[in-house]
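# Summary of structural features
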Amino acid sequence: MTGLSADNAARSLRRNSLIGGGIALAILAAAPPTAGAHGFTGPLAWWLLLSFCLLPLAFSVHLLFDAALFRLAASHDTEEAGLAAIDDVLARMGLRTRDGRTAPLAERLAGCRRLLRLQRFSLVIGIALYAILLLDAANGGGV
């Protein structure tokens, strides 16, 4: 996302958020009927799968919020005014204290990239857990 405007960043974040959240929801919807209710370690595997599918959903919500903030920034005439508007909204919501410094767009995008990496990492773990449950169910799920 380097070199992006606030509007392009908002679109990219929204797209990544919806794709990641959609994958997590698809796993949650498909796992019980396809992998069966009894996995290799019983409830532990299902709790882990649930956790690693809810994490990407939480990151998706956060990314959608960031996308809305970047959309707000893009609605202003200058980047500086848009970023100041983001800081004002965050301060009014009590999510950030006003310190007089406006973080540049690149710094804000770095935080979003970190969230995307965390979302993707938790999705990979969720997909791996689903694959293990699916293989276990295909082999008879013998507990």
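This one's a predicted model, so the numbers in the text were calculated from it and none came from an experiment. (Residues numbered from 1 in each chain as written. Predicted model: local features only at pLDDT ≥ 70, side-chain atom pairs only at ≥ 80, totals over all residues. Heavy atoms only, no water.)

Attention now moves to the layout of surface pockets. Remark: the empty space left among the atoms is shown by a probe the size of a water molecule rolled over them. Roughly 420 Å³ of volume is contained in the largest pocket. If you go around the largest pocket, you meet 19 residues; those closest to its centre are D66, I86, L90, R96 and R108. Breaking the lining of the largest pocket down by element, the ones donating at least two residues are α2 (43-74), α3 (79-92) and α4 (105-138). Tallied by class, the residues present in the lining of the largest pocket amount to nine nonpolar, two polar and eight charged. (1 Å grid on protein atoms, 1.4 Å probe; cavity = no way out; pocket = protein on both sides within 12 Å on 5 of 7 lines; lining within 4 Å. Points joined across faces, edges and corners; volume = space filled by probe spheres on them. Helix = DSSP H or I, 4+ residues; strand = E, 2+ residues; numbered from the N terminus. Nonpolar A, V, L, I, M, F, W, Y, C, P; charged D, E, K, R; others polar.)

A pair of packed helices is characterised by two quantities: the angle between their axes and the separation of those axes. Close contact between α2 and α4 brings their axes to 9 Å; oriented N to C, the two are set at 155°. With respect to each other, α2 and α4 are oriented roughly antiparallel. Here α2 runs over α4; the crossing is left-handed. The residue inventory of the contact of α2 with α4, partitioned by class, reads 21 nonpolar, five polar and two charged. (Axes fitted to C-alpha atoms, helices over the stretch in contact; angles between N-to-C directions. Parallel < 35°, antiparallel > 145°, perpendicular 65-115°, else oblique. Left-handed = near helix turned anticlockwise from the far one by under 90°.)

One pass over the full model with this rule turns up seven salt bridges. Residue D87 pairs with R108 through a salt bridge whose shortest N-O separation is 2.8 Å. Here D87 is found in helix α3, whereas its partner R108 is found in helix α4, with 21 residues between them in sequence. R108 carries the same exposure label as D87, and that label is buried. Put simply, D88 and R98 hold a salt bridge, and the shortest N to O gap is 2.8 Å. (Salt bridge = Lys/Arg side-chain N within 4 Å of Asp/Glu carboxyl O. Buried < 20%, exposed > 50% of the residue type's maximum accessible area, 1.4 Å probe, protein only.)

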